[in-house]
Amino acid sequence: MKEEKIELTFTRAKLEELIQSEQDLIANTQHALSNAYAPYSGFLVGASVLLENGEIINGSNQENAAYPSGLCAERVALFYAGAKYPEVAIKTIAISAKSKTFEIDDVVSPCGACRQVMAEYQQKQGQDIRLLLHSPNDEVLIANSVTDLLPFMFNSEKLRKF
Ligand code: THU
């Protein structure tokens, strides 16, 4: 038996320490979350995807009275990006949240299903996706790859041998 450890790398920064284009991407998430349809949770999430071609795709969570039918902001944005620009790589995804009922004091951390979708696109494009997880007090947790959020990920390499 042998215990092993994995090292994950993150950076914590203040919003104003980011380069302007990343601050702008986070500004997009604020607009995106204002379009959330979240009457059941009151938890508004905005996700903004920066593509290699410079385009920004915004998504927000979309809920449903039949709860599992809704979708997180991240997957709304990622699937839209994948559908509109299937051949364009995703450079960065920024995520912010706001609650109608309480003060959020930490960064929003994407759910497992959204991490899995990010992992798929990262593997598909063969290029890391950078993540900017933003908190309402303007702190940002930065990861340079989905691998840092989803170690031991399942991907197509495990599904079959090409
Ligand atoms: N949600 C997101 O959109 N992204 C996340 O990263 C976490 C959760 C949504 C799903 C649901 O509409 C609401 O937030 C509460 O879970």
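As a starting point, this report considers the structure included with it. Values in this document were obtained by computation on a predicted structure and should not be read as measured data.

Concerning a negative patch on the surface
Item 1. Taken together, the side chains of Glu-103, Asp-105, Asp-106 and Glu-139 define an acidic patch exposed on the protein surface.
Item 2. Along the chain, Asp-106 turns up in the loop between strand E4 (90-99) and helix H3 (112-125).

Quick word on helix H2 (residues 73-84)
Item 1. An ideal rise of 1.5 Å per residue puts 16 Å on 12 residues; H2 measures up with 16 Å between its terminal C-alpha atoms.
Item 2. Those residues of H2 not exposed but buried are Ala-73, Glu-74, Arg-75, Ala-77, Leu-78, Ala-81 and Gly-82.
Item 3. For H2, the secondary structure elements touched by its buried residues are strand E2 (43-51), strand E3 (56-60), E4 and H3.

Details of the site of the ligand
Item 1. For the ligand, the full set of nearby residues is Ser-41, Phe-43, Val-45, Asn-61, Glu-63, Cys-72, Ala-73, Glu-74, Ser-109, Pro-110 and Cys-111.
Item 2. Contact distances for the ligand include 2.5 Å between an oxygen atom and a side-chain N or O atom of Glu-63.
Item 3. Ala-73 has a polar backbone atom sitting 2.9 Å from an oxygen atom of the ligand.
Item 4. Relative to its unbound accessible surface of 370 Å², the ligand loses 76% to contact with the protein.
Item 5. Those elements giving two or more residues to the shell around the ligand turn out to be E2 and H2.

Considerations on the packing of aromatic side chains
Item 1. Here the structure, examined in full by the defined rule, presents 2 aromatic pairs.
Item 2. Ring geometry for Tyr-40 against Tyr-67: centres 5.5 Å apart, planes inclined by 45°, an arrangement best described as tilted. Separated by 27 residues along the polypeptide, Tyr-40 in the loop between helix H1 (20-33) and E2 and Tyr-67 in the loop between E3 and H2 bring together distant segments of the chain.
Item 3. Residue Tyr-67 is classed as exposed on the basis of its relative accessible area of 61%.

Let's talk about the side chain of Asp-148
Item 1. Take Asp-148: it is sitting in the loop between strand E6 (139-143) and helix H4 (156-159).
Item 2. Arg-130 provides the closest opposite charge to the buried, unpaired Asp-148, separated from it by 9.3 Å.
Item 3. A polar atom in the side chain of Asp-148 sits 3.3 Å from the backbone nitrogen of Thr-9.
Item 4. Residues within four places of Asp-148 in sequence aside, it is in contact with Leu-8, Thr-9, Phe-10 and Ala-143.

Thresholds, definitions, all that
- Residues numbered from 1 in each chain as written.
- Predicted model: local features only at pLDDT ≥ 70, side-chain atom pairs only at ≥ 80, totals over all residues.
- Heavy atoms only, no water.
- Patch = residues over 30% accessible without salt bridge, like charges linked within 9 Å, V, L, I, M, F, W, Y side chains within 5 Å.
- Areas by Shrake-Rupley, 256 points an atom, 1.4 Å probe, with all protein chains shown as cover.
- Salt bridge = Lys/Arg side-chain N within 4 Å of Asp/Glu carboxyl O.
- Lys, Arg positive; Asp, Glu negative; His and termini not counted.
- Charge placed at Lys NZ, Arg CZ, Asp CG, Glu CD.
- Helix = DSSP H or I, 4+ residues; strand = E, 2+ residues; numbered from the N terminus.
- Expected span 1.5 Å × (residues − 1).
- Buried < 20%, exposed > 50% of the residue type's maximum accessible area, 1.4 Å probe, protein only.
- Contact = heavy atoms within 4.5 Å.
- Near = heavy atom within 4 Å.
- Polar contact = N/O pair within 3.5 Å; in protein donor to acceptor, adjacent residues only side chain to side chain.
- Phe/Tyr/Trp six-rings, centres within 6.5 Å; stacked < 30°, edge-to-face > 60°.

All quantities given are derived from atomic positions and should not be read as evidence of function.
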